[in-house]
Amino acid sequence: MKGRTKPKGFGIAAMMAVLLIAAVSAPASAATSVSIEDAETVASFYVQYIPTFIDNYSEWQEATVEQSTVYYDLDGEKSAYAFNVIGNGQYAGYILVSATRDNYPILEFSEGRTPDAITELTTRSETLAQERADENGLTAGEAKPLYLGATFYYAEYPLIDDRGEVVDCVVVDLTVPVIVDLGESRVEIPIDEKDLLEQQQMKRQEANALWDALEEKMKTTSPEGPASSRGLGWISGVPAYEWHCGCSPTASGMVLGYWDSHGYPNFPSETTLIEELAVAMGTEWPGNEATWPWEISGGIEEVCENHGYSNFDASNDCWMTWSEVKAEVDASKPFVISMLQGGTGSGQSQPYGEHSVTALGYSDYDEDYVFIHDTWDEHTHMIAFGNWWAAMATWVRP
Amino acid sequence: MSKIAAIAALFMVAGLFVWFIVLPFVSLAGYPPSDCMQVWYLPSPDYVDEEFNVSAVEAILDDMAANGTCINETVLAEYIPLGGVVVNETFAEYFSLIGDRKKGASPPFFPALSQYCGYANYSRTGSDDRYLAGEWYFDDSEEFSRAEKKLYRYIEEHGRVSTVELNISKGSRYTPKNFDATKYECETTSGYFLVYKNTFGHEGDYFIVYYGVVGPVDLLNQTPFLKVLIADRYPTGSGIVGDLTS
C-alpha cells in the first residue's frame, strides 16, 4: 500500500473505469458491511502503523483520526469512509477505509486532501451540475459523494423539479471535473461477464483475507497503538546457539538460523553455519577465536550469498538507538549487538566485556531492556540498554 | 555555539574516539564464564526462544506500571519465558535428555574434583539403556593436574582402565579423525574419559569429560553410541584432546 500525495485520476481510461466500477458496484450485504465505528478503529490503528514502514509519515505516529466523509457506490451502498488524520491538533492528511469487507480494508492514505474536500474542485463540480440542471429547467440538489475505486471520486447531484421531486441525477467526476455518463460507458466496453465475475470473486477473497490479517494484527498489538510505541517486543523462534568458533559468528549464526526457519531454508545446520561465518568474517579460528567488529556484516552477507541469498543486507551501525532496536524487533528482524565493556546480563555471573550477542526483544518500561541470546547457554537473558561502554548493531535484513 | 550543540559535539567526538580509535584494537571473543563451562560438553537438544502471548503479558505489565510497580529484571523474568524450548527432543541421532543438565553437581560414581562440574542423564531411542555424561572444569592448570591424578587413581581402584584410540565423524570438516581416550569399565558404569585443553582458543581452560553407560554393560557394543554422544559436542577448533594422564 502506497500513500498518495495527491489524488490522481485525470484522463481516466474508460476500460479501467468500467472494471473498477463493476468491481465495487456489487451491493454489500449486511455480513460484509463495515460500520463506521469499526472503520474508525481500523483507521486509528493504521495511521499509527504507517510510520513503521514509511519514513515520510513519522508525524502520524501520535496522530488521531476523526470522521470526515461517507462515500457511496452507484447502488447507493456505502463504499468507503474517509477520516481526517489529526497530528498535533492540526490536519495532517486523510485515510480511507472500505465500508465493505469485499474490498481492501485500507483504500488510500495521503497527507493531501480528498477531491471532495478541495473547494476549487467542488465549486467547479457544482457549477457543472447546475448547468446541466439549468438546461432541463431543474435545480441541482446536494451532492452525494461517490467512491468507485482507487482515485475515482465522483459527486452525484439529484436534479429536482419545481415540485421538489427528484426527477434525474447527474454525476460529476470530481478530479477532472467533468460530467460523466456511467451508464453509457458500461455498455460501450465489451467485457466477458464470466471473467468479470471471476475477477470480482478473487478480489473479494483477497480482500477478506486482508481484513482478517489486519484484525489479527490489531489483536496482537497493544491497544495503545502501533508496534513502535509498545512496551514489549519479542521475536519468537530465534535459535539459542552455544558459543562455537567465537561469539560473533555464533551470534550471527542465530540470526541466520532464524531466517532459515522463516523462508530462507538453504542455510546449513548450526555447527557448519557458524564455522562458515567464522571463516567469512575472518575470525581467528582455529586460534584465539576473536573477530574484528567491522568484519561482521561482510561475513554475514558473504555466507548469505554463498547459499543463494544475494538479497540479504547486513550493515554495521555504531550509533544504535533505542528506537532502532524497537523498530527492528517490531519488524521481526533479529540482529547482532557487539559490545565494548558490556555489563552483566540477567542470570549471568560475569560481565560480557567484548562480546557479540543476538537481540530478539525489548522491554520499554521504567528501564529499557534488550532480550538477548548471549551464546553462553540456551536461555534468553536481558541487559539494560546502554549497559556497555559502546555498542554496535549489525542489522540483518532480507 | 549553544550549550546543547556543544554537548552533542562532545558526544560525537567521544563516539568517534570509541569507534575509530579504540575499536580497531578490540576484537570480540566473548569467552563463556566458568559457570557456563561446567556443562559445556554435556550434549543437549537445540533450543529456540519461546512463543508467548506478548499482548497479554504487555497488558499485565502496563497495569503494573500504571500502579507504580517498577518493571525491572525480576518482574520481567516472572512473566516472560526465558528458558527456551526444545526444538527436537531427540538429538545426536537417538538420544534424549532426561531432566536437565545439572550445573554444579558432581557426576555420580566419581569423586568430587572441581567446584565447576555437572552431569546429565540420557535415554536412547529403542533401548532401555541409560547414559551418563559428566564434566569437571578447571581454569587452573595445577588444580587440573591434581584432579586428573586423583581421578585416575580412583578409577584404577574401582574398575579396569586402559588407553584406546577412538575415531568419530561429525558434520564439520575440521573434526580430527581420531584421538586417545581413557576406557573405563566397572559394574556401575562403563565409558570413556576425555581431556580437553584450551579448546576455547585461549590458554587456561581444562576439562575432564566422561561419556558412559550406567550399569553393567558390554562396552564394545555400546561404543558406537557413545561415539555419537561424544561427537555431538566435540570441540572442532583449537586446543588439545586426549586421554587422562596417570
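Residues numbered from 1 in each chain as written. Chains lettered and ligands numbered in written order. Predicted model: local features only at pLDDT ≥ 70, side-chain atom pairs only at ≥ 80, totals over all residues. Heavy atoms only, no water.

Examining the overall build of chain A
Reasoning step 1: Across its full length, chain A carries nine helices and 16 strands.
Reasoning step 2: Within chain A, buried positions represent 54% of all 398 residues.
Reasoning step 3: Within chain A, counting contacts between residues at least 6 apart in sequence, those at least 24 apart form 59% of the total. (Helix = DSSP H or I, 4+ residues; strand = E, 2+ residues; numbered from the N terminus. Buried < 20%, exposed > 50% of the residue type's maximum accessible area, 1.4 Å probe, protein only. Contact = heavy atoms within 4.5 Å.)

Structural notes on the packing of helix 6 (residues 247-260) of chain A against helix 7 (residues 270-280) of chain A
Residue and element names in this part refer to chain A.
Reasoning step 1: For the pair helix 6 and helix 7, interaxial distance at closest approach is 9 Å and the crossing angle is 125 degrees. Judged by the inter-axis angle, helix 6 sits oblique to helix 7. The two elements helix 6 and helix 7 cross, and the hand of that crossing is right-handed. Packed against helix 6, whose contacting residues are Pro-249, Thr-250, Ser-252, Gly-253, Leu-256 and Gly-257, the element helix 7 presents Leu-273, Ile-274, Leu-277 and Ala-278 at the interface.
Reasoning step 2: A class-by-class count of the residues in the contact of helix 6 with helix 7 yields six nonpolar, four polar and no charged. (Axes fitted to C-alpha atoms, helices over the stretch in contact; angles between N-to-C directions. Parallel < 35°, antiparallel > 145°, perpendicular 65-115°, else oblique. Left-handed = near helix turned anticlockwise from the far one by under 90°. Nonpolar A, V, L, I, M, F, W, Y, C, P; charged D, E, K, R; others polar.)

Quick look at the interface of chain A and chain B
Reasoning step 1: Across the boundary between the two partners, chain A contributes 67 residues, which contact 60 residues of chain B.
Reasoning step 2: Carbon and sulfur atoms make up 61% of the area that chain A and chain B hide from each other, which totals about 5100 Å².
Reasoning step 3: Of all residues in chain A, A:Trp234, A:Trp243 and A:Tyr365 bury the most surface against chain B, accounting for 13% of the area lost on that side.
Reasoning step 4: On inspection of chain A and its partner chain B, the count reaches three salt bridges.
Reasoning step 5: A salt bridge links A:Glu242 to B:Arg233; its shortest N-O distance comes to 2.5 Å. (Buried area = accessible area lost by both parts, 1.4 Å probe. Salt bridge = Lys/Arg side-chain N within 4 Å of Asp/Glu carboxyl O.)

A look at the pairing of strand 6 (residues 130-138) of chain B
Residues and elements named next belong to chain B.
Reasoning step 1: The buried count for strand 6 comes to eight of nine residues, which makes it a mostly enclosed element.
Reasoning step 2: Pairing between strand 5 (residues 116-124) and strand 6: eight bridges, direction antiparallel. Residue pairing for strand 6: Gly-118 is matched across the bridge by Glu-135.
Reasoning step 3: In this antiparallel pair of consecutive strands, strand 5 and strand 6, the connection spans five residues, and Gly-126 shows a positive phi of 85 degrees. (Pairing = 2+ DSSP bridges.)

Here's the deal with a negative patch on the surface
Residues and elements named next belong to chain B.
Reasoning step 1: On the surface, a cluster of negative charge is made up of Asp-139, Asp-140, Glu-142 and Glu-143.
Reasoning step 2: If you trace the backbone, Asp-139 turns up in the loop between strand 6 and helix 5 (141-158).
Reasoning step 3: Relative accessible area serves as the criterion here: at 44%, Asp-139 is assigned to the partly exposed category. (Patch = residues over 30% accessible without salt bridge, like charges linked within 9 Å, V, L, I, M, F, W, Y side chains within 5 Å. Areas by Shrake-Rupley, 256 points an atom, 1.4 Å probe, with all protein chains shown as cover. Lys, Arg positive; Asp, Glu negative; His and termini not counted. Charge placed at Lys NZ, Arg CZ, Asp CG, Glu CD.)

Details of the confidence of the model for chain B
Reasoning step 1: Confidence along chain B averages 90 in pLDDT terms, with 92% of residues attaining 70 or more.
Reasoning step 2: This complex was scored by the predictor with a pTM of 0.64 and an ipTM of 0.89. (pLDDT = per-residue confidence, 0-100.)

Comments concerning the pattern of salt bridges
Should the charged atoms of two oppositely charged side chains come close, the side chains can pair.
Residues and elements named next belong to chain A.
Reasoning step 1: Within this structure, the stated rule accounts for twelve salt bridges over all chains.
Reasoning step 2: Between Glu-215 and Arg-101 there is a salt bridge, with its nearest N and O atoms 2.7 Å apart. Residue Glu-215 is located in helix 5 (residues 193-220), and its partner Arg-101 is located in the loop between strand 3 (90-98) and strand 4 (106-110); the two are separated by 114 residues in the primary sequence.
Reasoning step 3: When its relative accessible area of 30% is taken as the criterion, Glu-215 is described as partly exposed.
Reasoning step 4: By relative accessible area, which is 17% here, Arg-101 ends up buried.
Reasoning step 5: Between Asp-102 and Arg-204 there is a salt bridge; the shortest N-O distance is 3.6 Å. Here the residue Asp-102 occupies a position in the loop between strand 3 and strand 4, and Arg-204 occupies one in helix 5, the gap between them amounting to 102 residues.

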